[in-house]
Amino acid sequence: MLCASDEQNLEEMDTSPIKSCRGGRHLFHFRETDSTSNRAHELARKGYPEGTVVLADSQTMGRGQLGRSWHSPQGKGIYLSLILRPDTNPARMPGITLMTAVCLAEAFTDACGVIASIKWPNDLLVRGRKLSGILTEMALTGDILDYVIVGVGINLSHGEDDFPEEIRSRSTSIMMETGTLPDRESIVGSFLGRFERAYREFLEKGSDSFAERWKSLSGMVGKTVTVESAGAVIEGTVSGIDEIGALLVRDRDGRDRRILSGQVSLVG
Ligand code: BTN
């Protein structure tokens, strides 16, 4: 295992990070970087261990799902990426995103009293507006999983005007919900603590280890949704998630459909 003191070649990175080793966890904190997930990929390729955390105060090219960008202004959000090295089948990886969403929702309630609901697979919403998103990426050699990077973006102290106009009406922040400046350390601490415990259980028991918590935190179970996937549209009622993290939707003909990817929208 590498130690924070024996790092090599971090000068290659665009800005020197503050490095620390807390509780055995390697932590890299950048004032600014293009994307914490890019930094985490570099560190993973250099051999940094599971649990390594990369944080930034701002990102110049924050990435979201489906090739979208993640607006990452200085000091307004939490931009965090984690290296994981699970010894498991890549097919189980969607479960990691859902597990991360559960840990985030619980951390928001624990650290600042905000009740967020999970929209499958990677959104955390309050009053239907996006508070936080997750981007899970993996590196494979053939069928073998090398490592996973879990990237988390949290809107923390944005006011309405801090969001670009095109997402303003669909976005919120912890401060907009509570009216007070949130404590970033306690949110990060609560999230990482929960993640560590949940991840251990996930490796032992798979998605069943958090499926009930996901169900109660998701705003989707029992609701009618449309799912657009591979050019087709399915309408049905959400019943839960399966063992690998697929969304279970009972369609109009009473058939249970497993949704592995697609755009899910609540009807009505
Ligand atoms: C989404 O909802 O589309 C996912 C957003 C994920 C954003 C985070 S911010 C930290 C990490 N670095 C990135 O470039 N993206 C993720």
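*Asks:* Mind laying out the pairing of strand S2 (residues 25-33), listing which residues take part and the relevant values?
*Replies:* In the sheet, S2 pairs with strand S3 (residues 53-59) via 6 bridges, with the strands oriented parallel. Residue pairing for S3: phenylalanine 30 is matched across the bridge by alanine 56.

*Asks:* Just give me the short version of the packing of helix H2 (residues 94-112) against helix H5 (residues 184-205), but keep the residues and values in it.
*Replies:* Between H2 and H5, whose axes approach to 8 Å, the crossing angle comes to 140°. As far as their axial angle goes, H5 and H2 are oblique. For the crossing formed where H2 meets H5, the hand is right-handed. Facing H2, whose interface residues are Gly95, Ile96, Met99, Thr100, Cys103, Leu104, Glu106, Ala107, Phe108, Asp110, Ala111 and Cys112, H5 presents Ser186, Ile187, Ser190, Phe191, Arg194, Phe195, Ala198, Tyr199 and Phe202. When its residues are assigned to classes, the contact of H2 with H5 shows 14 nonpolar, 4 polar and 3 charged.

*Asks:* Talk me through the packing of aromatic side chains; I want residue IDs and the actual numbers.
*Replies:* Summed over the entire model, instances satisfying the criterion amount to 4 aromatic pairs. Each residue in the set Phe191, Phe195 and Tyr199 is aromatic and connected to the rest through ring pairs, giving one cluster. Over the aromatic face of phenylalanine 202 sits the side chain of arginine 92, whose NZ or CZ is 5.3 Å from the ring centroid.

*Asks:* Account for the environment of glutamine 59, naming residues and giving values.
*Replies:* Position of glutamine 59 among the secondary structure elements: in strand S3. Ignoring anything within four residues of it in the chain, the contact list for glutamine 59 reads Thr33, Asp34, Ser35, Thr36, Trp70, Ser72 and Tyr79. Polar contacts involving the side chain of glutamine 59 include one to the main-chain amide nitrogen of threonine 36, which spans 2.8 Å.

*Asks:* Give a description of H5 that names residues and reports values.
*Replies:* Given 3.6 residues to a turn, an α-helix orients residues that are three or four positions apart in the same direction. Its 22 residues place the ends of H5 31 Å apart at the C-alpha level, agreeing with the 32 Å of an ideal helix rising 1.5 Å per residue. Among all positions in H5, only Ile187, Val188, Ser190, Phe191, Leu192, Phe195, Ala198, Tyr199 and Phe202 are buried. Residues of H5 that are buried sit in contact with S2, S3, strand S4 (77-84), H2, strand S8 (144-155) and helix H4 (174-178). Looking one or two residues past H5, glycine 206 carries a phi angle of roughly 75°, positive in sign.

Scoring rules and cut-offs
Residues numbered from 1 in each chain as written. Predicted model: local features only at pLDDT ≥ 70, side-chain atom pairs only at ≥ 80, totals over all residues. Heavy atoms only, no water. Pairing = 2+ DSSP bridges. Helix = DSSP H or I, 4+ residues; strand = E, 2+ residues; numbered from the N terminus. Axes fitted to C-alpha atoms, helices over the stretch in contact; angles between N-to-C directions. Parallel < 35°, antiparallel > 145°, perpendicular 65-115°, else oblique. Left-handed = near helix turned anticlockwise from the far one by under 90°. Contact = heavy atoms within 4.5 Å. Nonpolar A, V, L, I, M, F, W, Y, C, P; charged D, E, K, R; others polar. Phe/Tyr/Trp six-rings, centres within 6.5 Å; stacked < 30°, edge-to-face > 60°. Lys NZ or Arg CZ within 6 Å of the ring centre and 35° of its normal. Polar contact = N/O pair within 3.5 Å; in protein donor to acceptor, adjacent residues only side chain to side chain. Expected span 1.5 Å × (residues − 1). Buried < 20%, exposed > 50% of the residue type's maximum accessible area, 1.4 Å probe, protein only.

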